[in-house]
Amino acid sequence: MKFKQDYFTRLAGFYQQVLPAGLPSPHWLAWSDDAAALLGLNGPSETLLQQLAGNQRMPGAEYYAQVYSGHQFGGYSPRLGDGRSIILGEALGPEGAWDLALKGAGPTPYSRHGDGRAVMRSAVREFLVSEALYHLGVPTTRALAVIGSELPVWRESLEKGAITVRLARSHIRFGHFEYFCYSEKGQADKLKQLLDFTLSQHYPQLSLDYEGYKAWFALVVRDTARMIAHWQAVGFAHGVMNTDNMSILGDSFDFGPFAFLDTFKEDFICNHSDPEGRYAFGQQPGIGLWNLQRLAQALTPVLASDDLIAALNTYQHELVQQYLGLMRAKLGLAPLAEGLSLNDRLEQDNKDLALIGAFTGLLEQNALDYTQSLRRFGELDPKAENSSLRDDFINRQGWDDWLPEYRRRIDIRQGLEQWQAERRAHNPKYILRNYLAQEAIIAIEEEGNSQPLEQLYQLLRRPFDEQPEMQEFAKRPPDWGQGLIMSCSS
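Residue numbering note: each chain is counted from 1, following its sequence as written. pLDDT decides what is reported in this predicted model: residues at 70 or higher carry local features, side-chain atom pairs at 80 or more are listed and counted, and totals for whole chains, interfaces and linings draw on all residues regardless. No hydrogens and no water enter the side-chain calculation; it runs on all heavy atoms of the structure.

Trainee: Looking at this structure, I do not really get the overall build of the chain. What am I missing?
Mentor: Summing up its helical and strand segments, the chain has 16 helices and 13 strands in all. In terms of overall size, the chain behaves like a compact globule, its C-alpha atoms giving a radius of gyration of 23 Å where 490 residues would be expected to give roughly 23 Å. If you line up the chain on its principal axes, its C-alpha atoms span 65 × 60 × 45 Å. Counting all 490 residues of the chain, 58% fall into the buried class. Contacts are assigned to residue pairs that have any heavy atoms within 4.5 Å of one another. Across the chain, contacts joining residues at least 24 apart in sequence account for 73% of those joining residues at least 6 apart. Accessibility throughout is a Shrake-Rupley quantity obtained with a 1.4 Å probe, and a residue counts as covered only by protein chains that appear here. Accessible area for the chain stands at about 19,800 Å²; split by element, carbon and sulfur atoms hold 50% of it. Here the chain contributes 47 positive and 61 negative side-chain charges, whose respective centroids are spaced 1 Å apart. Put simply, DSSP H or I for four residues or longer makes a helix, DSSP E for two residues or longer makes a strand, and each gets a number counted from the N terminus. Only the C-alpha atoms count toward the radius of gyration. The rule for a globule is 2.2 Å times the residue count to the power 0.38. Accessibility here uses a 1.4 Å probe with only protein chains present; expressed as a share of the type maximum, an area under 20% marks a residue as buried, one over 50% as exposed, and anything in between as partly exposed. Only four residue types enter the tally: Lys and Arg on the positive side, Asp and Glu on the negative side; His and the chain ends are excluded. To locate a charge, take NZ of a lysine, CZ of an arginine, CG of an aspartate or CD of a glutamate.

Trainee: Quick question: what am I supposed to make of the environment of Gln5 here?
Mentor: Along the chain, the position of Gln5 falls in the loop between strand 1 (2-4) and strand 2 (15-17). Taking the C-alpha atoms as reference points, Gln5 and Gly60, 55 residues apart in sequence, are found 7.3 Å from one another.

Trainee: I would appreciate a short explanation of the pattern of salt bridges in the present structure.
Mentor: Close approach of charged atoms allows side chains of opposite charge to pair. Salt bridges are defined by distance alone: a side-chain nitrogen of Lys or Arg within 4 Å of a carboxyl oxygen of Asp or Glu. Tallying each qualifying case throughout the model produces 35 salt bridges. A salt bridge links Arg390 to Asp400, with the shortest nitrogen-to-oxygen separation between them at 2.8 Å. Here Asp400 lies in helix 13 (residues 396-408) and Arg390 lies in helix 12 (residues 388-391), a separation of 10 residues in the sequence. The class of Asp400 is partly exposed, set by a relative accessible area of 25%. A salt bridge links Arg408 to Glu405; the shortest N-O distance between them is 2.7 Å. Here Arg408 and its partner Glu405 are both found in helix 13, three residues apart, which amounts to about one turn of the helix. Accessibility expressed as a relative area gives 60% for Arg408, which makes it exposed.

Trainee: Looking at this structure, I do not really get helix 9 (residues 315-331). What am I missing?
Mentor: The α-helix advances 3.6 residues per turn, and as a result positions three or four apart in sequence lie on the same side. Any helix carries an expected span of 1.5 Å times its number of residues minus one. For helix 9, built from 17 residues, the straight-helix expectation of 24 Å at 1.5 Å per residue is met to within 8% by its first-to-last C-alpha distance of 24 Å. When we look at burial in helix 9, the residues that qualify are Tyr315, Glu318, Leu319, Val320, Tyr323, Leu324, Met327, Arg328, Ala329, Lys330 and Leu331. Gly332 sits one or two residues past helix 9 and shows a positive phi near 80°.

Trainee: Help me understand the UniProt feature "active site" (unreviewed entry) in the chain in this model?
Mentor: UniProt positions are given in the numbering used here, feature names are shortened, and annotations may be inferred rather than shown by experiment. Cross-referencing UniProt, the feature "active site" (unreviewed entry) maps to Asp244 in the present numbering. When you line up the elements, Asp244 lands in the loop between strand 12 (236-237) and strand 13 (259-260). Leaving out residues up to four positions away in the same chain, Asp244 has contacts with Tyr68, Ser69, Gly70, His71, Gln72, Leu80, Arg173, Gly175 and Asp254.

Trainee: What is the right way to look at the pairing of strand 8 (residues 96-103) in this model?
Mentor: In the case of a regular strand, side chains alternate between the two sheet surfaces. By the criterion of burial, strand 8 is predominantly enclosed, with six of the eight residues buried. Pairing between strands is defined by DSSP: at least two bridges between them are needed. Note that strand 7 (residues 85-93) and strand 8 share eight bridges and pair antiparallel. Its bridge partner lying in strand 8, Ile87 is registered against Ala101. Linking two consecutive strands that pair antiparallel, namely strand 7 and strand 8, is a turn of two residues.

Trainee: Can you walk me through the nonpolar core in this structure?
Mentor: Nonpolar side chains in soluble globular proteins generally cluster together in the buried interior. With 151 residues, the main nonpolar core has Leu144, Phe177, Trp216, Phe217 and Tyr406 as its most contacted residues. If you tally residues by element for this core, the top one is helix 6 (residues 210-234), at 13 residues. Residue contacts for Phe217: discarding those within four places in its chain leaves Leu292, Leu295, Ala296, Leu299, Leu303, Leu308, Ala311 and Leu312. In this description, a nonpolar core means a group of buried Ala, Val, Leu, Ile, Met, Phe, Trp, Tyr and Cys residues linked to one another through side-chain atoms lying within 4.5 Å.

Trainee: Looking at this model, I keep getting lost on the layout of surface pockets. Mind explaining?
Mentor: Over the atoms, a rolling probe the size of a water molecule traces out where space has been left empty. If you add up the space inside the second largest pocket, you get close to 420 Å³. Counting residues per element, the ones that place at least two in the lining of the second largest pocket are helix 6, helix 7 (284-298), helix 9 and helix 10 (342-365). With five residues, the single largest contributor to the lining of the second largest pocket is helix 9. Throughout this entry, Asp, Glu, Lys and Arg are counted as charged residues, while Ala, Val, Leu, Ile, Met, Phe, Trp, Tyr, Cys and Pro are counted as nonpolar. The remaining residues, Gly among them, count as polar. Looking at the lining of the second largest pocket residue by residue, the classes come out as 13 nonpolar, six polar and one charged. Only protein atoms enter the 1 Å grid, on which a cavity is a set of points fitting a 1.4 Å probe that cannot get out and a pocket is an open set with protein on both sides within 12 Å along at least 5 of 7 lines, lining residues being those with an atom within 4 Å of a point. Grid points are joined across faces, edges and corners, and a volume is the space filled by probe spheres set on the points.

Trainee: Where do I start with empty space enclosed by the protein in this structure?
Mentor: Going through the model one piece at a time under the given rule, you end up with one cavity of 30 Å³ or more. Approximately 40 Å³ is the volume attributed to the largest cavity. Examining the composition of the lining of the largest cavity, we find that four residues originate from one element, helix 11 (residues 370-375), more than from any other. In terms of residue class, the lining of the largest cavity is made up of four nonpolar, two polar and two charged.

Trainee: Looking at this model, I keep getting lost on the UniProt feature "binding site: ATP" (unreviewed entry) in the chain. Mind explaining?
Mentor: The UniProt feature table records "binding site: ATP" (unreviewed entry) at Gly81, Gly83, Arg84, Lys103, Asp115, Gly116, Arg166, Arg173 and Asp254. Look at the named residues: they lie 174 residues apart in sequence, and the longest C-alpha span between them is 22.5 Å, so in the fold they stay spread out. Excluding residues within four positions of it along the chain, Gly116 makes contact with Gly83, Arg84, Gly104, Ala105, Gly106, Pro107 and Ser111. Within the secondary structure, Asp254 sits in the loop between strand 12 and strand 13. For Asp254, a relative accessible area of 13% translates into the label buried. When neighbours within four sequence positions are excluded, Asp254 is seen to be in contact with Lys103, Arg166, Arg173, His238, Asp244 and Asn245.

Trainee: I keep staring at unusual backbone geometry and nothing clicks. Help me out?
Mentor: Only a minority of non-glycine residues have a phi that is not negative, and only a minority of peptide bonds are not trans. Here His113, not a glycine, exhibits a phi torsion of approximately 70°, which is positive. Looking at the element boundaries, His113 is found in the loop between strand 8 and strand 9 (118-119). Here His113 falls in the exposed class, since its relative accessible area comes to 88%.

Trainee: Honestly, the packing of aromatic side chains in this entry has me stumped. Any pointers?
Mentor: The geometry of two aromatic rings is summed up by the distance between their centres and the angle between their planes. Aromatic rings from Phe, Tyr and Trp, with only the six-membered ring used for Trp, were paired whenever their centres fell within 6.5 Å, and each pair was classed as stacked if the ring planes differed by under 30 degrees, edge-to-face if by over 60, and tilted otherwise. As enumerated under the stated definition, the model contains 21 aromatic pairs in all. When the centroid spacing of 5.7 Å and the interplanar angle of 70° are considered together, the rings of Trp231 and Phe236 count as edge-to-face. Both residues of the pair, Trp231 and Phe236, belong to the buried class. Here the aromatic rings of Trp402 and Tyr406 are separated by 4.7 Å at their centres, their planes lie at 15°, and the arrangement is stacked. Note that Trp402 and Tyr406 are positioned in helix 13 at a spacing of four residues, about one turn of the helix. Take Tyr406: its relative accessible area is 0%, and that puts it in the buried class. By the ring-pair criterion, three or more aromatic residues cluster together here, those being Phe359, Phe377, Phe393, Trp399, Trp402 and Tyr406. Criterion for a charge above a ring: Lys NZ or Arg CZ within 6 Å of the ring centre, and within 35 degrees of the ring normal. Stacked on the ring of Tyr134, the Lys or Arg Arg142 has its end atom at 3.6 Å from the ring centre.

Trainee: What exactly am I supposed to notice about the packing of helix 4 (residues 174-182) against helix 5 (residues 188-202) here?
Mentor: Any two packed helices are characterised by how steeply their axes cross, that is the angle between the axes, and by the distance between the axes. The N-to-C vectors of helix 4 and helix 5 enclose an angle of 155°; their axes lie 7 Å apart at closest approach. What the angle tells us is that helix 4 and helix 5 run roughly antiparallel. Helix 5 is crossed by helix 4, and the crossing has left-handed handedness. Between helix 4, through His176, Phe177, Phe180 and Cys181, and helix 5, the contact on the second element is made entirely by Ala188, Lys190, Leu191, Leu194, Leu195 and Thr198. For helices, the fitted line uses only the C-alpha atoms of the stretch in contact; every axis is such a line through C-alpha atoms, and the angle between N-to-C directions lies from 0 to 180 degrees. For classification purposes, an angle smaller than 35 degrees is called roughly parallel, one larger than 145 roughly antiparallel, one from 65 to 115 roughly perpendicular, and anything else oblique. Note on convention: the crossing is left-handed when the near helix lies turned anticlockwise from the far helix by less than a right angle, right-handed when the turn is clockwise.

So, in structure tokens, the structure goes:
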């Protein structure tokens, strides 16, 4: 594996170099061939295992932890940083470069008295969700592998330590800019230094001046809106949308108590540390804007308020347009006609949002599964009076009232069979339900058996395919698995 030399570490004051503590008796728990291909790796090896476990130095790696701050559950924490993640550097692959990081590799200068470790269950969950989101088409960081060990780690109980090997296009977060805006006097120049690095590294088309900075922030607003629109369309709740968990590239990042919706609930909370529901599923669009406002505030030393506000004002439109595009494809709504005036487009957008909202409202009222219900559109004959999807509703009158407006918005001139196939191509049959992840984790913890994890990973690589031998994984959770709420340590 080759690394780009003199990468982030040329920015003095943005990081501290630190070596991993290492894992005793490491072993592979999971491996992603898809992510490995990004780095040009052929497969796992003993040498790579020891290097990624932190037991051997990897040639060319730089080993550092970053400093940043962030708003956590609405309150500002002035100094955070990579408390349990060590970045090896920017690894060069066949089609580009990726930050390679070890999450759970031991304490760093930013661990705040923590042990810097990750437990096996959290490492497995991060691996699975990173790859699951990617195969669903959601912008995300990636995961190369999970490395297990016999290292005892105390959380709510005694568990075993593990490392997730994460790949990211960038590890720069909103919180980086907050730190260098608000930290000790004399750091303001570093805000511009960070901006110049960010643009040079990730936005080479932009100039390193005021106009470039302004254009960059507009792109951050756009990409954040698009990411959250994908979350809402696929039914994904992140759970900890702190500003230090927000990537400036609009990639899903830093997973903890996440969940995909089972029964549709607008106010679904997946994090037991969030009893007031700040990061509930339906709150995510608003929190995305709130976080961008915090980033904008941190950029006021270099950008005028009017320009920051102008960019922020594009957020809602971008979010709505992206969400509408995704949901129209899921439900089979006809594209808007060419040549529509702006007013007519806005009117139809509002009608479609109301139609989609009425449908999800019916799902919630009837306690129906979000993913299953959308998948059933691949079997639906919209012209038929009765259907298997209609039969799922307790309140069938609600479905009957919704159906006429829906019929007016679809176009199946290409033929019903083709229309249904397109719905299946946009609506996954399989998602990473929390209970499935938990069953794979239990198999490892209680039996030392990682085969269920491998089976689940392979399933999630093809979420839109029927995979008839895997039908059990498409079912609604058992009673114990309905609406599982996780902790931040998970």
